[in-house]
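A look at the structure
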Amino acid sequence: MSEYLIRFLLGGLFVSLFSIIGDIVRPKSFAGLFGAAPSVALATLGIAWAEHGASYVGVQATAMIWGAIALACYSIVVCQLLMRAQLGALAATLVAMPVWLLVAFEFHAVAG
Amino acid sequence: MQIGLSTSPLANSRWYEYVIRFVLGGAVTVFTGMISSEFGAAVGGLFLALPAIFCASATLIERHEIRRKREAGGEGARRGRGAAALDATGAALGSVAMIAFAVVLLVTTSWGAAAAFACASLAWVVMAVAMWVLRWIVKREIRRARARR
């Protein structure tokens, strides 16, 4: 239970920190980079290293590469849904979620 | 092309927006831990790049722009979508930097936790800035080519 509490606090802290940095940097196109900051990764992998060691973190870092490729595809689809299909941000980000799942698990299945 | 800081967006934000981000960030981190425990490190690793926080941030950015435009007497939906799309473009570039973070972390795990995380974070910053500058150069060249035609 305490492990999950630490995860929650660390994750909230890192995500809030990167969000605030994203809010205050200009121009907006640069601020968008912080939408894909490794905030959850820093919190999760830090705990994983302490609990399971370097090899476990290596496995997670490898899988994170596939997740990040999926995130790039997802972001491009969201952009298109916003500008071409004229969906709102919440709708576009939710509708595109299967793209992330599909690409991430496809890479995971193929590359391991 | 100048990168700067402006604290005015902090004043425009509502307190509950910070709470939402904190809770969402915490929840996603707990969720990722649970996925790793249940399905193994590799599947859990995929979820380190889950765009759950991006959903919240894009929605908040859209709301801010709509609110700002309405206060100025406009409608704001189009401007809100434009701002969220710009955020999505940034996230696409940022995800390339995230790949750099993961690759450098993977390569430097033998150096110890502090050095590996420091190198990976530095790789993220360098790649993020490089991607943004590259995008700026490409856009500038396209504009010049169009102007020449």
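Residues numbered from 1 in each chain as written. Chains lettered and ligands numbered in written order. Predicted model: local features only at pLDDT ≥ 70, side-chain atom pairs only at ≥ 80, totals over all residues. Heavy atoms only, no water.

The name an unreviewed UniProt entry gives chain A is DUF3147 family protein, with Afipia carboxidovorans as the organism.

Focus: the domain arrangement of chain A
All names here are of chain A. Split by domain assignment, chain A resolves into domain 1 (1-52) and domain 2 (53-111). Here domain 1 and domain 2 have C-alpha centroids that lie 17 Å from each other. With 9 residues of domain 1 at the contact, the number on the domain 2 side is 7 residues. Of the roughly 700 Å² buried between domain 1 and domain 2, counting both surfaces, carbon and sulfur atoms make up 78%. In terms of surface lost to domain 2, no three residues of domain 1 exceed Leu45, Trp49 and His52, which account for 70% of the buried area on that side. The tally of links between domain 1 and domain 2 comes to 0 salt bridges. Across the contact surface, domain 1 and domain 2 share 2 residue pairs in polar contact (both at pLDDT 80 or more). (Domains from an automatic or database assignment. Contact = heavy atoms within 4.5 Å. Buried area = accessible area lost by both parts, 1.4 Å probe. Salt bridge = Lys/Arg side-chain N within 4 Å of Asp/Glu carboxyl O. Polar contact = N/O pair within 3.5 Å; in protein donor to acceptor, adjacent residues only side chain to side chain.)

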